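# Observations on the three-dimensional arrangement
Each chain, written out:
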Protein chains: 2
Amino acid sequence: MSDIAKQAGVSRQAVYLHFNSRAELLIAATHHLDDINGSPERLIASRIATTGTERLATYITAWSGYLPDIYGMAKAFLAMQDSDEAVAMAWRARMQDMKEGCAAAINALAHDRRLSPHYTPDQATDILWTMLSVRNWEQLTVDCDWSHDQYTAAMIQMARDMFVIDGA
Amino acid sequence: MSDIAKQAGVSRQAVYLHFNSRAELLIAATHHLDDINGSPERLIASRIATTGTERLATYITAWSGYLPDIYGMAKAFLAMQDSDEAVAMAWRARMQDMKEGCAAAINALAHDRRLSPHYTPDQATDILWTMLSVRNWEQLTVDCDWSHDQYTAAMIQMARDMFVIDGA
DNA sequence: TATTTACTTAACACAGTGTCAATTGACAGG
DNA sequence: CCTGTCAATTGACACTGTGTTAAGTAAATA
C-alpha cells in the first residue's frame, strides 16, 4: 500500500479514502485493466469458429494472447487469495468464466463426435482448464523459459493429441 | 508460530531455541516427514520398469501416491516461497528432483523410439513436469472433486495420448 | 464569503516475526 | 550438599504492514 501510494504521488492514508482495503483496490484495478484493454471479450471471439477442432485452437490462441496481459494482476490475486476471502472469490469467478470457454470448446468437439472416448466432456473440460492455468503458463514460460509461440503451439498440440480423434 | 508452539505445548519463544526462523522450521519439518515415511525413495522405485511406456505409468502412479502425503507441506512451501528465498530454494530443489524423474521416464520412451515427434525430450519433460504439478493435483482433486484414482488414470491416459506413439 | 472536497500530517490499534534479558526447575558430577 | 549446565519460562521490546482516526489545510464551488 505504501509503494502504491508513493507511485500515485499521494500519502498512504489517502489510498484508503478511495479503496477500503488492499483487496478492494486490487479488485478495482482488474476492472480498470479490463476496461482499458477490453480483455475478456477477446476470449469470446473464439466462439465464431465452426468446427470443434478449430474452436479449441482459436480458444487456446486467444487465451494465450490474453495471459501475458493479466499475468501481473493474476499473480497478485494468487498471492492474496489465501489471506483474503473476497479476493479468492473474485479470482474463482474469473477462472470459472474461463472454464466456461473451455467447456464450450470441448462441447463443440463432442458435438462433432470428435471428442476422445477416453474422457467425458466434463473431464476433458477439467483437464483443459487445468492445463491452461496461469500457474502452468508461468511455469512453462518463466521456469522452463518457453517463448509465447512455443507455449501456444504446445498447448494446441496437446489438446489435439488428447481430445481430438480422427473424423470417420 | 504461536499455533505451532501451542500444539507443541511450549512457549512461542521456545520454538526459536530450536529453529532460527519460520522458514527453517518448515524445512526441518519436511526433512522429518521424509524420514518417517521414506517418501522420496518411492519415486525412484519406478526406475526398475523396463520399457519407456511402463516407466511413464509407474512414475505417474508413484507420484500420485506420494502427492497426498506431501500436500500439506507443499501448500506451506508454496505460500511462503514469495516471502522467503530459502523456502523458495528448498522447494525449487525438490521440484527439480521430481523433474529428473519425469526426464528419466521421457528419455526411456525416447530410447524406445516411442516418443511422439511433436516434442523434443526436453519439451516433453517440461510438459509432463508441469502437468504433474502440485497445483494441478490440487485443482483437479479439490476444485474439480476428482478421486485419487481418477486423477492417476487421467494423468496416465494423458501422458500416453500426448507422448507415446504406436510401436512399429 | 462560506462550504465542500480532496488531501495532508500525525498518531494509534493490532497482528505477526524475531530478539533479548532475567529467572526458574531439573538433573548430573564432584 | 553444592554447583554448573541446560532447557524452558515470563515479559519486554523492535520492526513491518494493514487499517483507523482526528485535526488541519488549500483549492475549487456556490
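Residues numbered from 1 in each chain as written. Chains lettered and ligands numbered in written order. Predicted model: local features only at pLDDT ≥ 70, side-chain atom pairs only at ≥ 80, totals over all residues. Heavy atoms only, no water.

### Section: the protein's contact with DNA strand C
This is how it is decided: Proximity criterion: a residue is near a molecule or strand once any of its heavy atoms comes within 4 Å of it. Within 3.5 Å is the distance limit for a polar contact, defined as a pair of N or O atoms, with the added protein rule that one can donate a hydrogen and the other accept it, and that residues adjacent in sequence qualify only through two side-chain atoms. Each helix corresponds to a stretch of at least 4 residues labelled H or I by DSSP, and each strand to a stretch of at least 2 residues labelled E; elements are numbered beginning at the N terminus. Under the scheme applied, nonpolar residues are Ala, Val, Leu, Ile, Met, Phe, Trp, Tyr, Cys and Pro; charged residues are Asp, Glu, Lys and Arg; polar residues are all the others, including Gly.
In the vicinity of DNA strand C lie 13 residues, with Ser11(A), Ala14(A), His18(A), Arg12(B) and Arg22(B) positioned nearest. For DNA strand C, the backbone portion of the atoms within 4 Å of the protein, that is sugar and phosphate, comes to 53%. Residue Arg12(B) places a side-chain N or O atom 2.9 Å away from a base oxygen belonging to DNA strand C. In this structure, a phosphate oxygen belonging to DNA strand C sits 3.2 Å away from a side-chain N or O atom of Tyr16(B). Of all the elements in the fold, those that place two or more residues in the surface near DNA strand C are helix 2 (12-18) of chain A together with helix 2 (12-18) of chain B. Here the surface near DNA strand C is composed, by residue class, of five nonpolar, six polar and two charged.

### Concerning empty space enclosed by the protein
All names here are of chain A. Our working rule: In the cavity and pocket records, a cavity denotes points on a 1 Å grid over the protein atoms alone where a 1.4 Å probe fits but cannot get out, a pocket denotes an open set with protein on both sides within 12 Å along at least 5 of 7 lines, and lining residues are residues with an atom within 4 Å of a point. Grid points are joined across faces, edges and corners, and a volume is the space filled by probe spheres set on the points.
In the structure shown here, the tally under the stated rule is two cavities of 30 Å³ or more. Put simply, the largest cavity is a space of about 60 Å³. Residue lining of the largest cavity: Thr30, Leu33, Asp34, Ile70, Met73, Ala74, Phe77, Trp91 and Arg94, and that is the complete set. Of all elements in the fold, only helix 3 (22-37), helix 5 (52-80) and helix 6 (85-111) reach the threshold of two or more residues within the lining of the largest cavity. When residues in the lining of the largest cavity are grouped by element, the largest group, four residues, is from helix 5.

### Structural notes on the relation of the copies chain B and chain A
Going by this rule: Overlaid copies result from least-squares superposition on C-alpha atoms, with residues included only where pLDDT is at least 70 in both. In this analysis, two residues are considered to be in contact whenever any of their non-hydrogen atoms come within 4.5 Å of each other.
The transformation that overlays chain B on chain A combines an axial shift of 0.0 Å with a rotation of 180 degrees, and the residual RMSD is 0.0 Å. Expressed as a symmetry operation, the mapping of one chain copy onto the other fits a two-fold axis. Mapped onto chain A, 100% of the interface residues of chain B again fall at the interface, so both copies present the same surface.

### Things to note about the pattern of salt bridges
Where charged atoms from two side chains of opposite charge come close, those side chains can pair. All names here are of chain A. What counts here: Here a salt bridge means any side-chain nitrogen of Lys or Arg lying within 4 Å of a carboxyl oxygen belonging to Asp or Glu. Under the scheme applied here, a residue whose accessible area is under 20% of the maximum for its type counts as buried, over 50% as exposed, and between as partly exposed, the area being computed with a 1.4 Å probe on protein chains only.
Applying the stated criterion to the full structure yields eight salt bridges over all chains. For the salt bridge of aspartate 34 with arginine 94, the shortest nitrogen-to-oxygen distance reads 2.2 Å. Of this pair, aspartate 34 sits in helix 3 while arginine 94 sits in helix 6, and the two are 60 residues apart along the sequence. A relative accessible area of 14% places aspartate 34 in the buried class. Given a relative accessible area of 22%, arginine 94 falls into the partly exposed group. Where arginine 92 meets glutamate 85, a salt bridge forms, and the shortest distance between an N and an O atom there is 3.0 Å. Using a relative accessible area of 45% as the deciding quantity, one classes arginine 92 as partly exposed.

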